[in-house]
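The lines below spell out each chain.
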Amino acid sequence: MSRYDHFTSDVLIVGAGLAGERAAIEAATQGLNVMILSLVPPRRSHSSAAQGGMQASLGNSTMGKGDNTDVHFADTVKGSDWGCDQDVARLFAETAPIAVRQMSAWGVPWNRVVAGTRMYDGKEIHEAPEKEGLIAARNFGGTAKWRTCYTADGTGHTLLYTMDSVVIKLGISVHDRTEVLSLIHDGTRCNGVVARCLRTGKLRVYTAKSTVMATGGYGRLYGASTNAIINEGNGMFVALETGVVPLGNMEAVQFHPTGIVPSWILITEGARGDGGYLLDKDLRRFMPDYEPNKKELASRDVVSRRIMQHIRKGYGVESAYGPHVWLDIRHLGEKHINTNLREIANISRNFTGIDPVHDLIPVRPTQHYSMGGIRTNIDGMAYGLEGLFALGEAACWDMHGFNRLGGNSLAETVVAGMVVGDKIAKYTKEASTHVSSAQIEEHVRFQEDRIQALIHCRNGKENVYELRHQMESILSENVGIFRSKEPLQNAVDQLHELHQRSFHIGLRSGGQGADPELASALRITGMMKLAYCIAGGALARTESRGSHYREDYPKRDDEHWLKRTLAYWPTGADRPVLKYEPVKITELPPGDRGYGEASAGAASAKR
Amino acid sequence: MGHRQLTFHIFRYNPEIPKEKPATVSYVLQEETGMTLFIALNKIREEQDPTLKYDFVCRAGICGSCGMLINGKPTLACRTLTKDLPADITLMPLPVFKLLGDLSVDTGTWFRDVSLRTEAWVHTEKSFDPHSQEERMDNETALNIYEAERCIECGCCIGGCATANIKPNFIGAAGVNRVARFMADPRDERNEQEYFDVVGSEDGIFGCIGLMACDDNCPIGIPLQGQLAYVRRKMAVAGWKR
């Protein structure tokens, strides 16, 4: 019996969330043989948890009147704090309306415009009869127009189920419960992956002309995250561990203003978009003091910092889980809450035992999104290895720069799936297979050796769960919303030591078959490397931009830092190597975002 | 506040090692404020038995991964608070689905098979034109579709269904609800006769014997009783026309 099963395809897609599935559909409809690998059944992917919506400048709703791709482009660039590549942001904004309409044609039940008058934040809004039945939009942070298309607060769920129904219809092969351990490559070309079956524990080899990483973000490096527990950055660290593929802007970590206390489940931005307020311990609405124009709907980095700033001033509500603020949606009324915001009503009831129809929701900023990831060009090709692509949250494409706007991640997954999927198909049609059995054997043997060492505790008896909890708290305590030199240096030093200790893990379980402890142990060293890149990148970047806020360098510094961090991990190295590349500015020169610290400096003096 | 000592009686079996018989193993844990079964099971795995298998993904009641029998009732473990349970808690895997080990079952394969058998995608002759405006839809219709679309495929309705437990090909309430979702969608151009071929059988809507445990057990409150009645009525009419 062979030591491993071997599968081949034209295109191998790792990750069955929206980005991976959309790219798979694109390649399959162009006649290619596509295979998808996924940690979990596709419909369990973290895309399903996205509640709020997907940005596209349709301009159907009254409050979106006059919206177009230029405005969406400008909002995205400002949101990114000029950290994005503008050619990518432009391509994205132009394609988003097509992407939303195509998802509609495929079956997403987008909420539609209803003609008539309703109240919003104390104002009357009239929806025009001639727009009745077109796709509606809600308000989201950092946008000049209402642009976020939605299905109640289950937007990600409906998008993913619809996308997956097309994957099923097309007969695309999906191997779920399969975890990628490493990329098969020769230093110049990627030829596939070594993976482990999470049903049997057996190793597998997948070879393909093109390999695509669509594995999502790394939220679970931080203990307190809104992310699903599968979001451990797998695609990013297997790419990093090739030694030649860099990760872009890993220090750009988004904190969402409203994670529910204490389970850190996301309360969608749609709650504030639909008119919810933030209140402090005196039940006073404080955001207008800091951000008189955008209030609760400044961009996420700004609102998160303002909440923490207000808590630091002593206006937080004390709790057993640390201070928090309140989110108030009671005034939206029972009907609205139980239909358009039903998921958050359920989350509040089930996890904290409160009813948002009558009660305030306890919230605090929580790790939410990774703007950084596998650095690619505008075609989605990874730097460093031919035949390797990345898209979605796993990638640094880079349209989010240092802060992503709400509703732009769902939009990115589908848009990048269309655009990059097409590039993958074109590339694959011209490509040929180059992999030798010796190369496969070398990569399989490396993983077999790792597994045997862990099972037999050959290198020590470190406990994987203990190391993991230490990593989580180092990041949460030192590389959070407010950053400065000393804690960052501490984080780097501690992560250096922790990374070394991760080579000495030994299993207590015996590691047989689909053992869950073995799965954790196989991941942990790669996760440590990602954590190291985040902390190292943040320490080096002596400015504040978007979500990266240095208290010792509070201003954005375009003269020195209008550039992207590229973190490499050379084979055998014990720390990352940081390099930099310029950000591409095509249309919109760096300026004021129109909200945030730069334009509301007087807020603290007001109180 | 003094917390209870909880005893978890957990079903253990590894189908990869069939010579080892299934067993129930007990684990003792100190209860904490706000403790869910997600927190409790992780503690047991990290501190007491690293071989324990179970499935969580979103841990927020959204993804449907963690359906299991909790003191006999099929429901989601992630959002079950220990304070709502007695001090003795029995955890068993959902029946019907293939057991992968301990509390982990293969819902993914089961639901994919039902999606294929019911052809659960929009059937249309129209092709998408990227340059034209979207087709209009009444917002009430969109909300009606979403009402059925909300199913998270956790399998609780299937695990608690007597028919599904004795008839291996029965598509159950989740399968029927999936069909109802496309019946409600004007974009799907299938007619009643075509739907009859998909669900007008003993493995489909006529296999249901109306015990309605599905409706009681749905953790997200989809009105399955109503969806079953809707599809049954339509298929009965379609059947008479044959």
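Bear in mind that the values here come from a model prediction, so they are computed numbers and not experimental data. (Residues numbered from 1 in each chain as written. Chains lettered and ligands numbered in written order. Predicted model: local features only at pLDDT ≥ 70, side-chain atom pairs only at ≥ 80, totals over all residues. Heavy atoms only, no water.)

Asker: How would you sum up the UniProt feature "domain: FAD-dependent oxidoreductase 2 FAD-binding" (unreviewed entry) in chain A? Please name residues and give values.
Answerer: Within the UniProt annotation, "domain: FAD-dependent oxidoreductase 2 FAD-binding" (unreviewed entry) is assigned to residues 10–410 of chain A. Annotated as 28% helix and 22% strand, the span residues 10–410 of chain A places its first and last C-alpha atoms 26 Å apart. (UniProt positions renumbered as here; feature names shortened; annotations may be inferred. Helix = DSSP H or I, 4+ residues; strand = E, 2+ residues; numbered from the N terminus.)

Asker: I'd love a proper account of the sheet that holds strand β2 (residues 23–30) of chain B, names of residues and values included.
Answerer: Strand-to-strand pairing in sheets goes through backbone hydrogen bonds, with the strands running parallel or antiparallel. Residues and elements named next belong to chain B. In space, the five strands of this open sheet follow the order β2-β1-β5-β3-β4, with mixed pairing throughout. A single partner strand is all that each edge strand has here, and the edge strands are β2 and β4 (73–76). Recorded for the sheet is a direction-independent mean angle of 35 degrees between the axes of neighbouring strands. On the sheet, helix α1 (residues 37–47) packs against β1 (5–12), β2, β3 (67–70) and β5 (88–92) and is oriented at approximately 75 degrees with respect to β1. (Pairing = 2+ DSSP bridges. Axes fitted to C-alpha atoms, helices over the stretch in contact; angles between N-to-C directions. Contact = heavy atoms within 4.5 Å.)

Asker: Talk me through the interface of chain B and chain A; I want residue IDs and the actual numbers.
Answerer: Counting residues at the interface gives 62 residues for chain B and 72 residues for chain A. Between chain B and chain A, the buried area comes to about 5,400 Å², and carbon and sulfur atoms account for 53% of it. Considering only the side of chain B, the residues that lose the most area to chain A are Arg59(B), Arg112(B) and Glu134(B), jointly responsible for 13% of the buried surface there. Remark: the boundary between chain B and chain A carries six salt bridges. Residue Asp164(A) is joined to Arg112(B) by a salt bridge in which the shortest nitrogen-to-oxygen separation is 2.9 Å. Run the count over chain B and chain A and you get 32 residue pairs in polar contact (both at pLDDT 80 or more). (Buried area = accessible area lost by both parts, 1.4 Å probe. Salt bridge = Lys/Arg side-chain N within 4 Å of Asp/Glu carboxyl O. Polar contact = N/O pair within 3.5 Å; in protein donor to acceptor, adjacent residues only side chain to side chain.)

Asker: Which residues make up the side chain of Thr36(B), and what values go with them?
Answerer: Mapped onto the fold, Thr36(B) is located in the loop between β2 and α1. Residue Thr36(B) is classed as buried on the basis of its relative accessible area, which comes to 5%. The residues touching Thr36(B), leaving out its near neighbours within four places in the chain, are Phe351(A), Cys78(B), Thr80(B), Leu81(B) and Thr82(B). (Buried < 20%, exposed > 50% of the residue type's maximum accessible area, 1.4 Å probe, protein only.)

Asker: Provide a residue-level description of the pattern of salt bridges, including the pertinent values.
Answerer: Applying the stated criterion across every chain yields a total of 71 salt bridges over all chains. A salt bridge links Glu94(A) to Arg90(A); the shortest N-O distance between them is 2.7 Å. Taken together, the residues span about one helical turn, with Glu94(A) and Arg90(A) both in helix α3 (residues 86–106) at a distance of four residues. Linking Glu192(B) and Lys241(B) is a salt bridge whose minimum nitrogen-to-oxygen distance equals 3.9 Å.

Asker: Go over the sheet that holds strand β13 (residues 277–279) of chain A with me, naming the residues and quoting the values.
Answerer: Residues and elements named next belong to chain A. The antiparallel open sheet is built from four strands, whose spatial order is β12-β15-β14-β13. With partners counted over all chains shown, the strands left at the sheet margins are β12 (253–260) and β13, one partner each. Strand-to-strand, the axes of this sheet are offset by a mean angle of 45 degrees, without reference to chain direction. Examined bridge by bridge, β12 and strand β15 (residues 361–370) share six bridges and lie antiparallel to one another. Across the sheet, residue His 256 finds its bridge partner in β15, namely Thr 366.

Asker: Outline the packing of helix α2 (residues 69–79) of chain A against α3(A), listing residues and values.
Answerer: All names here are of chain A. Interaxial distance between α2 and α3 falls to 9 Å at its minimum, and their mutual angle equals 135 degrees. Relative to α3, α2 is oriented oblique. The hand of the α2/α3 crossing is right-handed. Facing Thr 69, Asp 70, His 72, Phe 73, Thr 76 and Val 77 of α2, the residues of α3 in contact are Gln 86, Ala 89, Arg 90, Phe 92, Ala 93, Glu 94, Ala 96 and Pro 97. (Parallel < 35°, antiparallel > 145°, perpendicular 65-115°, else oblique. Left-handed = near helix turned anticlockwise from the far one by under 90°.)

Asker: Report on the confidence of the model for chain A, specifying residues and quantitative values.
Answerer: With 98% of its residues at a pLDDT of at least 70, chain A reaches an overall mean of 95. Confidence drops under pLDDT 50 across residues 600–607 of chain A; counting only partners more than four residues distant or on other chains, this segment forms 17 contacts. (pLDDT = per-residue confidence, 0-100.)

Asker: Before we move on, can you summarise unusual backbone geometry with the specific residues and values?
Answerer: Omega for the peptide link from Val261(A) to Pro262(A) comes to 0 degrees, which places this bond in the cis form. Within the secondary structure layout, Pro262(A) lies in the loop between β12 and α6 (270–273). Phi is positive for Leu283(A), close to 60 degrees, though the residue is something other than glycine. Looking at the secondary structure, you find Leu283(A) in the loop between β13 and α7 (287–290). Phi at Val96(B) is positive, roughly 75 degrees, even though this residue is not glycine.

Asker: Hey, could you go over the environment of Ile220(B) for me, with residue numbers and the actual values?
Answerer: Residue and element names in this part refer to chain B. Relative to the elements of secondary structure, Ile 220 occurs in the loop between α8 (213–217) and α9 (224–241). Put simply, Ile 220 and Glu 125 are 95 residues apart on the chain and 34 Å apart in space, counted from C-alpha to C-alpha. Not counting residues within four places of it along the chain, the set of residues in contact with Ile 220 comprises Gly 61, Arg 79, Arg 150, Cys 151 and Ile 152.

Asker: I'd like a description of the pairing of β3(B), backed by residues and values.
Answerer: Residue and element names in this part refer to chain B. Residues Gly 67 and Leu 69 line one face of β3 and the alternating positions Met 68 and Ile 70 line the opposite face, and both faces are buried. One ladder, built from four bridges, connects β3 with β4; its direction is antiparallel. Counterpart to Gly 67 in the pairing with β4 is Leu 76. Hairpin geometry of β3 and β4 is characterised by an intervening segment of two residues between the two adjacent antiparallel strands and by a positive phi of about 50 degrees at Asn 71. Note: β3 against β5, two bridges, orientation antiparallel. Bridge pairing in β5 places Leu 69 opposite Met 92.

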